[in-house]
Amino acid sequence: NDFNADIFCAIHLNAYQDTQGERGVEVWYWSGDAMGKKVAAKMSADLAALMKLPNRGAKATTELYVLANTNMTAVLPEVCFVDALGDSNKYQQTATADIAEVMADALEAGVGTVKVEAPKAEEPKQEPVRDDELLEILHESQDSIDNIEADVAELRGVLDLLRKC
């Protein structure tokens, strides 16, 4: 929040109960957040496909602390269940750079999914005037989208450096 970020991703590893089997991937988002839902659905499906784990899908909530206390779109991927032997084995066999790339792609896919629409106006009773406040909102929205795109580009640069290591 202090950085006025456009999107936040808190990466987690889940745990429930020891099992030899698989539980899969899920991604939580704030209920009602269209961008969060889109990012969560893509991230969950793509992570599950990458690691060949069950896709538990995008999960809406208003209960998780990290989602409830952010001022921007936020997602919380549960990459796997560490107490499920099948999950943890597949996680360990998957390159972290590949996991990061899937996450970056999902975050990038969320850019521009929230449309800012002008409120429907009644018939004007006078000459139309330029709505500077609406224009400012539209410009701020575009700035936010530009910031997300820049953050994704920076993340891709970090991924490229990680690949070289």
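Residues numbered from 1 in each chain as written. Predicted model: local features only at pLDDT ≥ 70, side-chain atom pairs only at ≥ 80, totals over all residues. Heavy atoms only, no water.

**Points about the overall build of the protein chain**
For step 1, the next point in the chain: When you go through the protein chain residue by residue, the secondary structure sums to five helices and five strands.
For step 2, the next point in the chain: Reading the helices (α) and strands (β) of the protein chain from amino to carboxyl end gives β-β-β-α-β-α-β-α-α-α.
For step 3, the next point in the chain: Out of the 165 residues in the protein chain, the part that is buried amounts to 33%.
For step 4, the next point in the chain: Counting contacts in the protein chain only where the partners sit at least 6 residues apart, residues at least 24 apart contribute 83% of the total.
For step 5, the next point in the chain: Summed over its atoms, the accessible surface of the protein chain is roughly 10,500 Å², and 51% of this surface lies on carbon and sulfur atoms. (Helix = DSSP H or I, 4+ residues; strand = E, 2+ residues; numbered from the N terminus. Buried < 20%, exposed > 50% of the residue type's maximum accessible area, 1.4 Å probe, protein only. Contact = heavy atoms within 4.5 Å. Areas by Shrake-Rupley, 256 points an atom, 1.4 Å probe, with all protein chains shown as cover.)

**Re the side chain of aspartate 87**
For step 1, the next point in the chain: Mapping aspartate 87 onto the fold places it in helix α3 (residues 85-92).
For step 2, the next point in the chain: Buried and without a salt bridge, aspartate 87 has arginine 23 as its closest oppositely charged side chain, separated by 6.7 Å.
For step 3, the next point in the chain: Residues contacting aspartate 87, with those up to four places away along its chain left out, are Gly21, Glu22, Arg23, Gly24, Leu53, Cys80 and Phe81. (Lys, Arg positive; Asp, Glu negative; His and termini not counted. Salt bridge = Lys/Arg side-chain N within 4 Å of Asp/Glu carboxyl O.)

**A short note on the pattern of salt bridges**
For step 1, the next point in the chain: By the definition in use, this model includes four salt bridges.
For step 2, the next point in the chain: Linking glutamate 22 and lysine 90 is a salt bridge whose minimum nitrogen-to-oxygen distance equals 2.6 Å. One end of the pair, glutamate 22, is in the loop between β2 (12-14) and β3 (25-30); the other, lysine 90, is in helix α3, and 68 residues separate them in sequence.
For step 3, the next point in the chain: Owing to a relative accessible area of 38%, glutamate 22 belongs among the partly exposed residues under this scheme.
For step 4, the next point in the chain: Here arginine 56 and glutamate 26 are joined by a salt bridge, their closest N and O atoms 2.7 Å apart. Of the two residues, arginine 56 is situated in strand β4 (residues 55-61) and glutamate 26 in strand β3; the sequence distance between them amounts to 30 residues.
For step 5, the next point in the chain: For glutamate 26, a relative accessible area of 5% corresponds to the buried category.

**Considerations on the nonpolar core**
For step 1, the next point in the chain: Ranked by internal contacts, the top residues of the largest apolar core, which has 22 residues, are Val39, Met43, Leu47 and Val75.
For step 2, the next point in the chain: It is helix α1 (residues 34-51) that provides the largest number of residues to this core, a total of seven residues.
For step 3, the next point in the chain: Apart from residues lying up to four places away in sequence, valine 75 is in contact with Phe8, Cys9, Ala10, Val27, Trp28, Tyr29, Gly36, Val39, Ala40, Met43, Leu67 and Leu107. (Core = buried A, V, L, I, M, F, W, Y, C linked by side-chain atoms within 4.5 Å.)

**Regarding the confidence of the model for the protein chain**
For step 1, the next point in the chain: Taken over all residues, the pLDDT of the protein chain has a mean of 83, while the share at 70 or more is 78%.
For step 2, the next point in the chain: Here residues 114-119 is a poorly scored stretch, pLDDT under 50, and it has five contacts once near neighbours within four places are set aside; other chains count. (pLDDT = per-residue confidence, 0-100.)

**Some thoughts on unusual backbone geometry**
For step 1, the next point in the chain: The phi angle at asparagine 4 is positive, at roughly 50°, despite the residue not being glycine.
For step 2, the next point in the chain: Along the chain, asparagine 4 falls in the segment before β1 (7-9).
For step 3, the next point in the chain: By relative accessible area, which is 65% here, asparagine 4 ends up exposed.
For step 4, the next point in the chain: Not every positive phi belongs to a glycine, and lysine 52 is a case in point at roughly 55°.

**Looking at the packing of aromatic side chains**
For step 1, the next point in the chain: The tally for this structure, following the rule as stated, stands at zero aromatic pairs.
For step 2, the next point in the chain: Its guanidinium or amino end placed over the ring of phenylalanine 81, arginine 23 lies 5.6 Å from that ring's centre, counting from NZ or CZ. (Phe/Tyr/Trp six-rings, centres within 6.5 Å; stacked < 30°, edge-to-face > 60°. Lys NZ or Arg CZ within 6 Å of the ring centre and 35° of its normal.)

**Some points on the pairing of β4**
For step 1, the next point in the chain: Bridging between β3 and β4 involves six bridges; their strand directions are parallel. Paired with tryptophan 30 across the bridge in β4 is threonine 61.
For step 2, the next point in the chain: Following the backbone out of β3, through α1 and into the adjacent parallel β4, one traces a crossover that is right-handed. (Pairing = 2+ DSSP bridges. Right-handed = clockwise from strand over helix to strand, strands pointing away.)

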